[in-house]
Amino acid sequence: MENNKIQGSPVAIMVLGFAILLGGCASLPDIEEARAVQVNTSFQAPWAPEVDVDGNPNLRPGAMAMDGLEASASCDYLFVVCAVVFVPISAVTGAVITATDTLPEEEAELLNHLTAKAASGLHMAQMFQSVMLSEAVRQGVRTQATGADAIIQFTVTEFWWEVSVGNHVSLRLTIEAHATHRGEFGRRRFGYRGEPAPVEEWLAGGEEHIRNALVSLMPEASDAIWRRVLDRE
């Protein structure tokens, strides 16, 4: 789930470990075997990411444990084995995140305000669609609008500012992929994190700095996601 930009903080290490385990259970059909691929995208998350002023209740230990239980369902007959691993890891990760994912209220509100202004006029859904299609072609995938023997749907489900230890802040995406190929079906969840920086740097850079980060995040994420879909990492 995580990209190679994750730093060595305790939260990142826990989440990365969880991601690796989850990636071993969730899988997609072999897209490279397809003659042609129809690539569909959607953007269900807000276009302007926010940092939670009071912390995200979805990242509390109990909620994270439930996510771990849900993720275990993708392991099919290994459900019990996955649940034994995922649920406690998720709960511990939630506890650590809860302790570190909040900024001082004034800084959080200012970052959200600047981000909303920076995202104004950006069409994130169209941007996401464009970069996912162009990256597929760059990776050598033959795309086709209709009639392809493989279909893959990428959906951005979450887009937010992640806070890590030391009030470092980074843009985060969660993307779910659903694919079919010759009767095979699979799904996988990916995460991508942009470069973290102290919140003071984001605020000092202002609206323009944040806007540039929003624009550059999409091509970076598309490259990382397609390499993972095609098992090229």
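Residues numbered from 1 in each chain as written. Predicted model: local features only at pLDDT ≥ 70, side-chain atom pairs only at ≥ 80, totals over all residues. Heavy atoms only, no water.

(A) Geometry of helix H4 (residues 105-119). Taking 1.5 Å of rise per residue, the 15 residues of H4 would be expected to cover 21 Å, and the 21 Å separating its terminal C-alpha atoms lies within 8% of that figure. By the burial criterion, the buried members of H4 are Ala108, Leu111, Asn112, Leu114, Thr115, Ala118 and Ala119. Positive backbone phi, at 90°, marks Gly121, one or two positions downstream of H4. (Helix = DSSP H or I, 4+ residues; strand = E, 2+ residues; numbered from the N terminus. Expected span 1.5 Å × (residues − 1). Buried < 20%, exposed > 50% of the residue type's maximum accessible area, 1.4 Å probe, protein only.)

(B) Up close: the nonpolar core. With 52 residues, the main nonpolar core has Leu111, Ile152, Phe154, Phe159, Trp226 and Val229 as its most contacted residues. Contributing elements (two or more residues each) for this core: strand S1 (37-43), H4, helix H5 (124-138), strand S2 (150-164), strand S3 (168-181), strand S4 (184-193) and helix H6 (199-229). For this core, the element with the highest residue contribution is H6, accounting for 13 residues. For Val229, the residues in contact, after removing those within four places along its chain, are Leu28, Ile31, Ile152, Phe154 and Phe190. (Core = buried A, V, L, I, M, F, W, Y, C linked by side-chain atoms within 4.5 Å. Contact = heavy atoms within 4.5 Å.)

(C) The arrangement of the packing of aromatic side chains in detail. Throughout the structure, instances matching the rule amount to four aromatic pairs. Between the aromatic rings of Phe43 and Phe128, the centroid separation amounts to 6.3 Å while the plane-to-plane angle is 75°, which identifies the pairing as edge-to-face. With a gap of 85 residues between them, Phe43 in strand S1 and Phe128 in helix H5 connect regions that are remote in the sequence. By relative accessible area, which is 1% here, Phe128 ends up buried. Between the aromatic rings of Phe154 and Trp226, the centroid separation amounts to 5.2 Å while the plane-to-plane angle is 70°, which identifies the pairing as edge-to-face. Of this pair, Phe154 sits in strand S2 while Trp226 is found in helix H6, placing the two residues 72 residues apart along the sequence. For the residue pair Phe154 and Trp226, the accessibility class agrees, reading buried in each case. Put simply, the rings of Phe43, Phe128 and Phe159 touch in pairs and so form one group of aromatic residues. (Phe/Tyr/Trp six-rings, centres within 6.5 Å; stacked < 30°, edge-to-face > 60°.)

(D) Main features of the confidence of the model for the protein chain. Summarising the model, the protein chain shows a mean pLDDT of 80, and 68% of its residues fall at 70 or more. Long-range and interchain partners of residues 1-25, a stretch whose pLDDT sits below 50, account for 50 contacts in this model, where long-range means more than four residues apart. (pLDDT = per-residue confidence, 0-100.)

(E) Region of the structure containing the pairing of S3. Burial analysis of S3 places ten of its 14 residues in the buried class, which makes it a mostly covered element. Judged from the 14 bridges that link them, S2 and S3 form a sheet pairing that is antiparallel. Counted as the bridge partner of Thr155 is Glu176 from S3. Sheet topology note: the S3/strand S5 (residues 197-198) ladder contains two bridges and is antiparallel. From the neighbouring strand, Val169 faces S5, where its bridge partner is Ala197. Of the strand pairs in this sheet, S3 and S4 are connected by ten bridges, and their pairing is antiparallel. Residue pairing for S4: Thr180 is matched across the bridge by Phe185. Where S3 folds back on S4, the antiparallel hairpin that results is connected by two residues, among which Arg182 adopts a positive phi of roughly 50°. (Pairing = 2+ DSSP bridges.)

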